[in-house]
Amino acid sequence: QVQLVESGGGSVQAGGSLRLSCAVSGSIRSINVMGWYRQAPGKQREPVATITSSGSTNHEDRVKGRFTISRDNAKNTMYLQMNSLKPEDTALYYCNLKDYGLGGRKEYWGQGTQVTVSS
């Protein structure tokens with residue numbers, strides 16, 4: 001059974017930094033895409049950044065230049081380095097994994113880690 005566990009959230013002042021981690025346990029298929037999503041109170045969940053199993057990344061415009069997604073396949077862990085944080089970055093941040101193979105796509109979510117940025 002695949003499980004995703006996020007950590008690293010917290011409260012910081014605007015301009016500060018945080019590093020989120022997502023640890024993956026269980027067996028996943030070699031072709032996969034991992035990503036960070038976030039959901040602020042009263043808003044829909046939105047994508048933040050994604051990274052493929054081969055290391056290709058995509059960052060949403062709203063975080064480009066401030067956030068960096070990365071992964072360590074040997075440790076089965078994904079990261080999100082967040083710099084120059086803004087109050088509008090306040091949200092519950094979720095780790096997501098989609099893997100592909102026989103039987104189609106499977107998708108998994110973590111429980112979320114809270115990031116709060118004060119002005």
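A short tour of the structure in this document, coming up. (Residues numbered from 1 in each chain as written. Predicted model: local features only at pLDDT ≥ 70, side-chain atom pairs only at ≥ 80, totals over all residues. Heavy atoms only, no water.)

## So, the nonpolar core
At step 1: Within the largest apolar cluster, 25 residues are counted, with the highest numbers of intra-cluster contacts made by Trp-36, Leu-80, Met-82 and Tyr-93.
At step 2: Broken down by secondary-structure element, the contributors of at least two residues to this core are β3 (18-25), β4 (31-39), β5 (46-52), β7 (67-72), β8 (77-82), β9 (91-101) and β11 (113-118).
At step 3: Among all residues touching Leu-80, those that are not within four sequence positions of it are Leu-18, Arg-19, Leu-20, Trp-36, Val-48, Phe-67, Thr-68, Ile-69 and Tyr-93. (Core = buried A, V, L, I, M, F, W, Y, C linked by side-chain atoms within 4.5 Å. Buried < 20%, exposed > 50% of the residue type's maximum accessible area, 1.4 Å probe, protein only. Helix = DSSP H or I, 4+ residues; strand = E, 2+ residues; numbered from the N terminus. Contact = heavy atoms within 4.5 Å.)

## Side note on the packing of aromatic side chains
Each aromatic ring pair is described using two quantities: the centre-to-centre distance and the angle formed by the ring planes.
At step 1: Enumeration according to the criterion identifies two aromatic pairs in this entry.
At step 2: Consider the rings of Tyr-37 and Trp-109, whose centres lie 5.1 Å apart with planes at 70 degrees: the pair is edge-to-face. Placement of Tyr-37 in strand β4 and of Trp-109 in strand β10 (residues 104-109) is noted, with a sequence separation of 72 residues between them.
At step 3: Residue Tyr-37 is classed as buried on the basis of its relative accessible area of 15%.
At step 4: Ring centres of Tyr-94 and Trp-109 lie 6.3 Å apart, and the angle between their planes is 90 degrees; on these two criteria the pair is classed as edge-to-face. With a gap of 15 residues between them, Tyr-94 in strand β9 and Trp-109 in strand β10 connect regions that are remote in the sequence.
At step 5: The ring of Tyr-94 has Arg-45 lying over it, and the distance from NZ or CZ to the ring centre is 3.7 Å.
At step 6: Over the face of the ring belonging to Trp-109 we find Arg-45, whose NZ or CZ atom lies 4.5 Å from the ring centre. (Phe/Tyr/Trp six-rings, centres within 6.5 Å; stacked < 30°, edge-to-face > 60°. Lys NZ or Arg CZ within 6 Å of the ring centre and 35° of its normal.)

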